[in-house]
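Secondary and tertiary structure notes
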Amino acid sequence: MKNVVNKAGRMLVLFSALLITACNSKNNQDEPAQDRWKIGIALSDENTSDRWRLDGANMKALLEGLDFDVDLQYVNRDIAKQRTQIEAMMNEGCKVIVITAVDGNSLGDVLAKAKGKGITIIAYDRLLMNTPDVDYYITFDNLGVGEQQGEYIRKALKLESAEPTTYTIEFFTGPESDNNVNFYFQGAMSMLQPYLDSGKLTVPSGQKTMQECGIADWSITNAKNRMSQLINEYYFTGSMPDAILCSNDAVAQGVIQALDEKGGTDGKYPVITGQDAEKASVRYIIAPTPSQSMTVFKDIRTSARAVVTLIGSIKGNSQASIQFGTPYHNGVINVKTYACETTVVDASNWKEVLIDSGYYLASDFTDEK
Ligand code: GAL
């Protein structure tokens, strides 16, 4: 299990500190106005997830600290608005545009225009699909996220033991328009499929495909509605699955709300996974009666620093460079990719990973422990 923040990530942090120092001393010499670069950051979901609010603000602050001008925009999952926003960024002279697409397939023609203007396109977190006009991809190990979630369920239910006990499970993932969902779902399934095949795990709803289990817009409410429906249709009063694979924290929060509303948890919840280490989910994990079992922590400080380092190198800072790993194929080209590692967080290590690293303040959780 990949539960250690990788060395490359740490190196990058150190490297970025270097870069910041180097750029600051340069900028003190009054950079000519034409050397100032404007960077567009077009993000997708402001309202569905804390993760994106933090991520955008952090990237903006890092870039502004290096004297870049920044246009940071969110679209709350509105595809048409995102297209308009990116066009506006092109027209206002952005040299680089960092994009987390609402729908990775919807921007091809806009990106072609950007390329025509010599703008560098960085796909952030989610790959831009089926276009030759994406230069770089900064992300996390998306397959690894799913594997970590599946592995956690496997261990928590002791699926490997020879005991004849069987367990029930339901699957909740994200929308198909988000290319990451393919990896999250595939990664989790790769860990659990052998137990579905052997009958050790069963799915009372019978819903096992990514399409059937996809939650539109990664929405808490949509997840809650689907869970309520599953309980009504497939579970006896007071009963629930032994495990619920949730691809991210928002989805897990909706699922837990449905379980709470239906009652019958009797102080004991299924094994429930998540992703993003959102504060609400961390609270669920460390509560005296934990409802969510784990989350996969993606340290967005590391991915943001990778973006900033990359932009520095594009601008010609010889001290800034990134070591790309295995490229991701977007259906048309292999895209140069830097994928940060992720960390499993549960009640046993949350303090060390989230507080000691300075990601959150201990006071954010003082009511709980
Ligand atoms: C995914 C992203 C996750 C999560 C989700 C919902 O693409 O990788 O971190 O935030 O979207 O916004």
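Quick caveat: nothing in here was measured; it's all calculated off a predicted structure. (Residues numbered from 1 in each chain as written. Predicted model: local features only at pLDDT ≥ 70, side-chain atom pairs only at ≥ 80, totals over all residues. Heavy atoms only, no water.)

**A few points about the site of the ligand**
For the record, the criterion: Throughout, near means a residue has at least one heavy atom within 4 Å of the molecule or strand. Polar contact is the term for a pair of N or O atoms within 3.5 Å; when the atoms are in protein, one must be able to donate a hydrogen and the other to accept it, and sequence-neighboring residues count only if both atoms are side-chain atoms. With residues, only the protein chains shown are counted as cover, and all accessible areas are computed by Shrake-Rupley using a 1.4 Å probe.
Around the ligand, 13 residues are found, and the nearest of them are Asp125, Arg126, Asp178, Tyr184 and Asp276. For the ligand, an oxygen atom lies 2.7 Å from a polar atom in the side chain of Arg126. In this structure, Asp178 approaches the ligand through a side-chain N or O atom, which is 2.4 Å from an oxygen atom. The protein chains hide 100% of the 300 Å² of surface that the ligand would expose on its own.

**Quick look at the sheet that holds strand 7 (residues 201-202)**
Selection criterion: Here, any two strands with at least 2 DSSP bridges between them count as paired. Where helices and strands are cited, they refer to DSSP runs of H or I of at least four residues and of E of at least two residues respectively, numbered from the N terminus. In this analysis, two residues are considered to be in contact whenever any of their non-hydrogen atoms come within 4.5 Å of each other. Throughout, an axis means a line fitted to C-alpha atoms (over the contacting stretch in the case of helices), and angles, computed between N-to-C directions, take values from 0 to 180 degrees.
With respect to topology, four strands assemble into an open sheet ordered 7-6-8-9, the strand pairing being parallel. For this open sheet the edge positions go to strand 7 and strand 9 (271-272), each flanked by a neighbour on one side alone. The sheet contact formed by strand 6 (residues 167-172) and strand 8 (residues 243-246) spans four bridges and is parallel. By the bridge assignment, Ile169 is partnered in strand 8 with Ala243. Its contacts with the sheet place helix 6 (residues 180-198) against strand 6, strand 7 and strand 8, and it is angled at close to 160 degrees to strand 6.

**As for the packing of helix 5 (residues 142-156) against helix 6**
Keep this limit in mind: Note on angle classes: values under 35 degrees are labelled roughly parallel, values over 145 roughly antiparallel, values of 65 to 115 roughly perpendicular, and the remainder oblique. Crossing handedness is defined as follows: a turn of the near helix away from the far one that is anticlockwise and smaller than a right angle gives a left-handed crossing, while the clockwise case is right-handed. Ten residue types, Ala, Val, Leu, Ile, Met, Phe, Trp, Tyr, Cys and Pro, are classed as nonpolar, four, Asp, Glu, Lys and Arg, as charged, and the remainder, Gly among them, as polar.
Viewed as axis vectors pointing N to C, helix 5 and helix 6 meet at an angle of 30 degrees, and their least axial separation amounts to 7 Å. Our classification of the angle between helix 5 and helix 6 gives roughly parallel. Crossing handedness for the pair helix 5 and helix 6: right-handed. Every residue of helix 6 that contacts helix 5 at Asn142, Leu143, Val145, Gly146, Glu147, Gly150, Glu151, Ile153 and Arg154 is listed here: Asn180, Phe183, Tyr184, Gln186, Gly187, Ala188, Ser190, Met191, Leu192 and Tyr195. Looking at side-chain class alone, the contact of helix 5 with helix 6 contains nine nonpolar, seven polar and three charged residues.

**Details of the nonpolar core**
Nonpolar side chains tend to gather and get buried jointly when the protein is soluble and globular. Here is the rule: Take the buried Ala, Val, Leu, Ile, Met, Phe, Trp, Tyr and Cys residues and link them wherever side-chain atoms come within 4.5 Å; each set so joined is a nonpolar core. Think of it in three bands: residues with accessible area under 20% of the maximum for their type are buried, residues over 50% are exposed, and the middle band is partly exposed, with areas taken using a 1.4 Å probe on protein chains only.
Counting 45 residues, the largest nonpolar core has Ile169, Phe171, Phe172, Leu201 and Leu259 as the members making the most contacts within it. Of all elements in the fold, only helix 5, strand 6, helix 6, helix 7 (210-213), helix 8 (220-234), strand 8, helix 9 (249-262) and strand 9 reach the threshold of two or more residues within this core. Take this core: its biggest share by element is eight residues, from helix 6. Within the second largest apolar cluster, 42 residues are counted, among which are Phe140, Val307, Val345 and Ile355.

**With respect to the pattern of salt bridges**
The line we're drawing: Salt bridges are identified by distance alone: a Lys or Arg side-chain nitrogen within 4 Å of an Asp or Glu carboxyl oxygen.
Inspection of every chain in the model, using the stated rule, returns 20 salt bridges. Where Arg77 meets Asp45, a salt bridge forms, and the shortest distance between an N and an O atom there is 2.7 Å. Within this pair, whereas Arg77 is found in the loop between strand 2 (69-74) and helix 3 (79-91), its partner Asp45 is found in the loop between strand 1 (38-43) and helix 2 (50-65), the two being separated by 32 residues in sequence. Summarising the burial analysis for this pair, Arg77 and Asp45 share the class buried. Lys155 serves as the salt-bridge partner of Glu151, at 3.7 Å between the closest nitrogen and oxygen. Here Glu151 pairs with Lys155, and both are found in helix 5, just four residues apart, close to one helical turn. Here the salt bridges share partners, and the residues they tie into one network are Asp45, Arg77, Arg126, Asp178 and Asp217.

**Describing the confidence of the model for the chain**
Just so we agree on the cut-off: Per-residue confidence from the prediction method is given by pLDDT, with values spanning 0 to 100.
Residues at a pLDDT of 70 or more form 89% of the chain, whose mean pLDDT is 90. Per-residue pLDDT stays below 50 along residues 1-29; that stretch engages in 53 contacts with residues further than four places along the chain or on separate chains.

**Some thoughts on the packing of aromatic side chains**
How we decide: Centre distance within 6.5 Å is the pairing criterion for rings of Phe, Tyr and Trp, where only the six-membered ring of Trp is used; planes under 30 degrees apart are then read as stacked, over 60 as edge-to-face, and the remainder as tilted.
A complete count under the given rule lists 10 aromatic pairs for this structure. Between the aromatic rings of Tyr136 and Phe324, the centroid separation amounts to 5.6 Å while the plane-to-plane angle is 15 degrees, which identifies the pairing as stacked. In this pair, Tyr136 sits in strand 5 (residues 136-140) while Phe324 sits in the loop between helix 11 (300-314) and strand 11 (328-329), placing the two residues 188 residues apart along the sequence. Residue classification places Tyr136 among the buried residues on the basis of a relative accessible area of 17%. Where Trp350 meets Phe365, the ring centres are 5.5 Å apart and the plane angle is 75 degrees; that geometry is what we call edge-to-face. Here Trp350 is found in helix 12 (residues 350-355), whereas its partner Phe365 is found in the segment after helix 12, with 15 residues between them in sequence. Across the pair, exposure class does not vary: Trp350 and Phe365 are buried alike.

**Thoughts on the sheet that holds strand 1**
Spatially, the seven strands line up as an open sheet ordered 2-1-3-4-5-12-11, and their pairing is mixed. The two strands at the open ends of the sheet, each matched to only one other strand, are strand 2 and strand 11. Bridge count between strand 4 (residues 120-124) and strand 5: three bridges; the pairing is parallel. Counted as the bridge partner of Ala123 is Tyr137 from strand 5.

**Some thoughts on unusual backbone geometry**
Positive phi outside glycine occurs at Asp67, with the angle close to 70 degrees. Considering the arrangement of structural elements, one finds Asp67 in the loop between helix 2 and strand 2. According to the relative accessible area criterion, Asp67 is partly exposed, its value standing at 26%. Here the phi dihedral of Asp217 falls at roughly 60 degrees; this positive angle occurs in a residue that is not glycine. Its location among the elements puts Asp217 in the loop between helix 7 and helix 8.

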